[in-house]
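# Examination of the molecular architecture
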Amino acid sequence: MDINYLLFLQEIRLAAGSGVTVVFNTITELGASTLAILVIALTYWCLSRELGIRIGFSVALGGMINQFCKNIFCVSRPWIRDPRITPAEAALPEATGYAFPSGHSQMGMDIYGSIALYSRKKLLRVIFILLALLVGFSRNFLGVHTPQDVLAGFTIGAITVLAAPKLIIWLESRKNNDLRFLALTTVLTVVFLVFTSLKPYPMVYAKGVLLTDPVDMVTDCYAVAALFLGFISAWIVERRYVRFDNDGTVPVRLLRGVIGIAGVVAVNEAGHCLEDLLGDWAGTFIGTFLIVWFVVVIWPLIFKTVEKKLKKN
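Residues numbered from 1 in each chain as written. Predicted model: local features only at pLDDT ≥ 70, side-chain atom pairs only at ≥ 80, totals over all residues. Heavy atoms only, no water.

What follows concerns the packing of aromatic side chains. According to the stated counting rule, one finds 19 aromatic pairs in the structure shown. When the centroid spacing of 6.4 Å and the interplanar angle of 70 degrees are considered together, the rings of W45 and W299 count as edge-to-face. Of this pair, W45 sits in helix α3 (residues 33-47) while W299 sits in helix α12 (residues 280-312), placing them 254 residues apart in sequence. In terms of burial, W45 and W299 fall into one category: buried. (Phe/Tyr/Trp six-rings, centres within 6.5 Å; stacked < 30°, edge-to-face > 60°. Helix = DSSP H or I, 4+ residues; strand = E, 2+ residues; numbered from the N terminus. Buried < 20%, exposed > 50% of the residue type's maximum accessible area, 1.4 Å probe, protein only.)

Structure below.
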């Protein structure tokens, strides 16, 4: 049934032409991990510190759960399961790993579901929930995920969106709950990385080409582990020692965001250099960890210090 559904959408996509495919590929990018970092950063720096933290926790938790499921179940992409499926070419660069659950669907639900839950306006809640659902549907429409993949991604996202605010309240309820949580999650993350690095993976070839490279999938594990541990540790340091606020005039907030994003790009480029020096796994972990720390601690500390000096002058 799932393949028949994808074939039905495929007929619509091919009949509608490239313009519709471009639209849905744009929608699907709203659930990409790169955009998630940018949304967290800009929300955290310029709009609402509380909402930025909520999105960050949701994305970090959801990413870990999603990647663990991917590496456990090792479900192939639809076109590998059935050659009748022809995915949209533009969607293929970000559809190289295992399919179940859908990372874009999980990420979209984490980002836009968090905003919907935080918003007090019913219309905004409806808009952002529809946006999250559209991201998931776009994965089916482009032929890169089955409905099961998308539903599983939605489920993980919904659970983490609802859990994040409660987790934050618990972490802040007692003096050292945050440190205890960091210690526990560090141990669990190490176990997660050791397990996913050493477990056997299916080696599926087509015409001599390995369809899903386990090395890439383990690299993704190091990326989400760095995002997870990086965010929790950075949040603890920020709330204990930096304690910034994102007040300021609109021009100040815009300047803060523009310069900050330039900094994220620079740190990301440095991360690529680390991958060349240290290898994919270590380089990816350190590079991702540094980006998260730049977003949550380093840039807020810089602009807090600079803005305080400017106010004195």
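That shown, we press on.
The next subject is a nonpolar patch on the surface. Nonpolar side chains collect at one region of the surface, where F68, I72, F73 and F195 lie side by side and expose about 360 Å² of accessible area between them. The element best represented in the nonpolar patch is helix α4 (residues 49-73), accounting for three residues. Residue position: F68 is located in helix α4. (Patch = residues over 30% accessible without salt bridge, like charges linked within 9 Å, V, L, I, M, F, W, Y side chains within 5 Å. Areas by Shrake-Rupley, 256 points an atom, 1.4 Å probe, with all protein chains shown as cover. Salt bridge = Lys/Arg side-chain N within 4 Å of Asp/Glu carboxyl O.)

If you trace the backbone, D178 turns up in helix α9 (residues 177-198). Under the relative-accessibility criterion, D178 is labelled buried at 0%.

A few words on the environment of I259. Within the secondary structure layout, I259 lies in helix α11 (residues 250-278). Placed 96 residues apart in sequence, I259 and A163 show a C-alpha to C-alpha distance of 32 Å.

This part is about the packing of helix α7 (residues 122-141) against helix α8 (residues 147-173). In a pair of packed helices, the angle between the axes and the distance between the axes together describe the arrangement. At a minimum axis separation of 9 Å, α7 and α8 run at an interaxial angle of 155 degrees. One element, α7, and the other, α8, form an angle in the roughly antiparallel class. Of the two elements, α7 crosses α8, and the hand of that crossing is right-handed. On α8, the residues touching A132, L133, G136, R139 and N140 of α7 are P147, V150 and F154. Partitioning the contact of α7 with α8 into residue classes produces five nonpolar, two polar and one charged. (Axes fitted to C-alpha atoms, helices over the stretch in contact; angles between N-to-C directions. Parallel < 35°, antiparallel > 145°, perpendicular 65-115°, else oblique. Left-handed = near helix turned anticlockwise from the far one by under 90°. Contact = heavy atoms within 4.5 Å. Nonpolar A, V, L, I, M, F, W, Y, C, P; charged D, E, K, R; others polar.)

A negative phi angle is the norm for most residues apart from glycine, just as the trans form is the norm for most peptide bonds. Of note, the bond from F100 into P101 is cis; its omega dihedral lies within 30 degrees of zero at -5 degrees. Its place among the elements puts P101 in the loop between α5 (78-81) and α6 (103-118). Notably, C74 is not glycine yet its phi reads approximately 50 degrees, a positive angle. Summarising the element assignment, C74 is placed in the loop between α4 and α5. We classify C74 as buried; its relative accessible area is 13%. We note that R243 has phi near 50 degrees; this positive angle belongs to a residue other than glycine. For R243, the location among the structural elements is in the loop between α10 (214-242) and α11. On the basis of relative accessible area, R243 is assigned to the exposed category, the value being 53%.

A cluster of like negative charges, contributed by D216, D220, D276 and D280, occupies part of the molecular surface. When you line up the elements, D220 lands in helix α10. (Lys, Arg positive; Asp, Glu negative; His and termini not counted. Charge placed at Lys NZ, Arg CZ, Asp CG, Glu CD.)

Of all hydrophobic cores here, the largest spans 71 residues; its most connected members are W45, I55, F57, V59, I111 and V296. Ranked by the residues each element gives to this core, the list is headed by α10, at 15 residues. Every residue in contact with V296, bar those within four places of it in the chain, is listed here: Y44, F231, A234, W235 and E238. (Core = buried A, V, L, I, M, F, W, Y, C linked by side-chain atoms within 4.5 Å.)

Between α4 and α6, whose axes approach to 9 Å, the crossing angle comes to 155 degrees. In terms of orientation, α4 lies roughly antiparallel with respect to α6. For α4 against α6, the interelement crossing comes out right-handed. Between α4 and α6, the contacting residues are E50, L51, R54, I55, S58, V59, G62, G63, N66 and K70 on the first element and G103, Q106, M107, D110, I111, S114, I115, L117 and Y118 on the second. Class assignment for the residues of the contact of α4 with α6 results in eight nonpolar, seven polar and four charged.

Moving on: the confidence of the model for the protein chain. Predicted confidence across the protein chain gives a mean pLDDT of 91, with 99% of residues reaching 70 or more. In the model of the protein chain, strand β1 (residues 205-206) stands out as the element of lowest mean pLDDT, 74, in contrast to α8, which has the highest, 96. (pLDDT = per-residue confidence, 0-100.)

Inspection of every chain in the model, using the stated rule, returns seven salt bridges. R81 is paired through a salt bridge with D2; the nearest N and O atoms lie 3.0 Å apart. Taken together, the residues span a long stretch of sequence, with R81 in helix α5 and D2 in helix α1 (residues 2-16) at a distance of 79 residues. Exposure remark for D2: the relative accessible area of 13% places this residue in the buried category. The shortest N-O distance in the salt bridge between R239 and E172 comes to 3.9 Å. Of this pair, R239 sits in helix α10 while E172 sits in helix α8, and the two are 67 residues apart along the sequence. Salt bridges sharing common partners tie together E172, D178, R239 and R240.

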